[in-house]
Amino acid sequence: MNSLKALLPYFKNYKARIAIGCICILISNFALVMVPELISRVIQEIKEGGLSRPAYQHFLWIVCAALVSAIFRFFIRQSLIVMSRLQEYELRCDLWEHIQCLPQEFFAKRATGDIMAHLSNDVDAVRMALGPVFMYSIDNICRFVFIIYLLLQKNVGLAVLVLLPLPLMSWLVQLIGKRVHTRFSKLQEAFSDLTTQAQQNFAGIRVIKSYVREDYEFEQFKIKSEDYMQKQLDLVKVEAIYRPLFYLIPGVSLIILIWYGGFLVTTNVINIGELSAFFICLGMLTWPMVALGWIINIAQRAAASMQRLNELFACAKEQDNENAVSVENLKGPIEFENISFAYGEDEPTVIKNISLKIKPGQTIAFVGRTGAGKSTLVNLIPRLYNLKTGSIKICGHDINDLTLKSLRKHVAVIPQEAFLFSKTIKENLRFGFPDASDEAIIHASEIAQLHKDIEEFPDKYETIVGERGITLSGGQKQRCSIARAILTNPDILILDDSFSAVDTATEEDIIQGLKK
């Protein structure tokens, strides 16, 4: 439950809503607890004098009390449940912003499905703690205090005996809460695995169909789905225990009330109206007792999810140095000074003792076998990976002393695996330069030898390319990626095997266009 302490900042901006909600809870419960008191008076008056004028007046007061309680209960939900939705929005935005600022190493090691599970299931589970758990906790405590006070006013001895079984609740809460927390954590991990499996299958559907592996992938999904179902059942078994137990405790109190309360009525210590009030109050205590188990269950789920989110928030973001500067251009020389790089402490060294200088306007090609470190080397320039040994300087500035936005603004990387968003071609080309004019887009497309292809499409530049550009050929996607980079007019242009899907003649035309 300590993990939920991280949610406290999300309550600071809603002090007014919390205050209004708490006031409404007090008024609603006070009106609700007045009902058994009024009913006890009605019963006693009917017993003594029949349906007299005072009895009808009390009937009217009962209706008014119930109506007041219902109205303020509406405002409770309007203030506190609406607040939880706003907090959920803030939490999801904070999480999304944090994820986008994480380094490339994080995304290389973390499955997409796992990240999606954090943004969907985990955030939704935490919202339940921000709203319903918070609301019902205050509501039930308030109702519990009012009812106990009313019972003690009626008869202290009977009230103590009726409430005697309630301490069992704390033991049951502790016992069941730990099991819910553990099993829900495992359930969320299974959901992440299932989401990852589905995401990979959808992304690689063409490969699956090409190799006729639908049956195999179905079996793999079935295994993940069965594991998720089993963990759901494990959690349901625990949840199935607490509800009967929380109903059992009021049942014990009811037996005590019938036995001892009946004795007090027969000995004229209390009247029948007061005994009726005890019965009604005990019935009103049943929901808080049952709700307590529900609250603990939801709170433990939220704690498990918040623990997973805290682990994500704990991942260090990409950050600028304290004295990092922003520059207007990076048209000076690029100097590699004795750089070495490995992806991890236990990983082999990919680049070792590289030193070279690239002059302004110069074109450099890195040639080597697969896995030699060509992509790694060029990815170090925009700091997609942080260099630990040696240094890279541009215009005399160490890249670690430049702000990330300033550095990456002047560098364009065109990867071999071109990625396009499920938007129009124009929106994809404008991604790095949202204010680009149509003329500039066409010019960049002509350099990338893409314009002729686009002109043949019915919707031309407004053509939707589909997820990951699935409606385009490999060569067209690569040329879209090239045009997108050209449109930003970068000082440093990096092509990481960007012509692998382009024919030789087109490649030559693109290179000639780039030289101009």
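Residues numbered from 1 in each chain as written. Predicted model: local features only at pLDDT ≥ 70, side-chain atom pairs only at ≥ 80, totals over all residues. Heavy atoms only, no water.

## Re the nonpolar core
Put simply, the rule is: Take the buried Ala, Val, Leu, Ile, Met, Phe, Trp, Tyr and Cys residues and link them wherever side-chain atoms come within 4.5 Å; each set so joined is a nonpolar core. The buried label applies to any residue whose accessible area, calculated with a 1.4 Å probe on protein chains only, is under 20% of its type's maximum; exposed applies above 50%, and partly exposed to all values in between. Helix and strand definitions here come from DSSP, where helices need a minimum of 4 consecutive H or I residues and strands a minimum of 2 consecutive E residues; each element is numbered from the N-terminal end. The contact rule is simple, with two residues in contact once any of their heavy atoms fall within 4.5 Å.
Within the largest apolar cluster, 32 residues are counted, with the highest numbers of intra-cluster contacts made by Leu95, Val126 and Leu309. At the level of elements, helix H1 (15–49), helix H2 (53–100), helix H4 (112–154) and helix H9 (272–313) are the ones that each hand at least two residues to this core. With 10 residues, H4 is the single largest residue contributor to this core. The residues contacting valine 126, other than those within four sequence positions of it, are Leu7, Leu91, Ala302, Ser305, Met306 and Leu309. In terms of nonpolar packing, the next biggest core, distinct from the first, is built from 25 residues, Ile414, Ile425, Ala485 and Ile510 among them.

## Topic: helix H15 (residues 474–487)
Just so we agree on the cut-off: Here, expected helix span is obtained from the residue count minus one, scaled by 1.5 Å.
Here H15 spans 20 Å end to end across 14 residues, near enough to the 20 Å set by a 1.5 Å rise per residue. With respect to burial, H15 is a largely interior element, 13 of its 14 residues being buried. Positive phi shows up at asparagine 489, right after H15, with a value of about 50 degrees.

## A closer look at the pattern of salt bridges
Put simply, the test is: In what follows, salt bridge is the name for a side-chain nitrogen of Lys or Arg lying within 4 Å of a carboxyl oxygen of Asp or Glu.
Scanning the model with the defined rule gives 13 salt bridges in all. Between arginine 73 and aspartate 139 there is a salt bridge; the shortest N-O distance is 3.0 Å. Of this pair, arginine 73 sits in helix H2 while aspartate 139 sits in helix H4, and the two are 66 residues apart along the sequence. Since its relative accessible area comes to 1%, aspartate 139 is described here as buried. A salt bridge links aspartate 438 to lysine 426; the nearest nitrogen and oxygen atoms lie 3.4 Å apart. Pair noted here: aspartate 438 is in helix H13 (residues 438–447) and lysine 426 is in helix H12 (residues 425–429), with a separation of 12 residues, a long-range link. Overall, aspartate 438 belongs to the partly exposed group, its relative accessible area being 37%.

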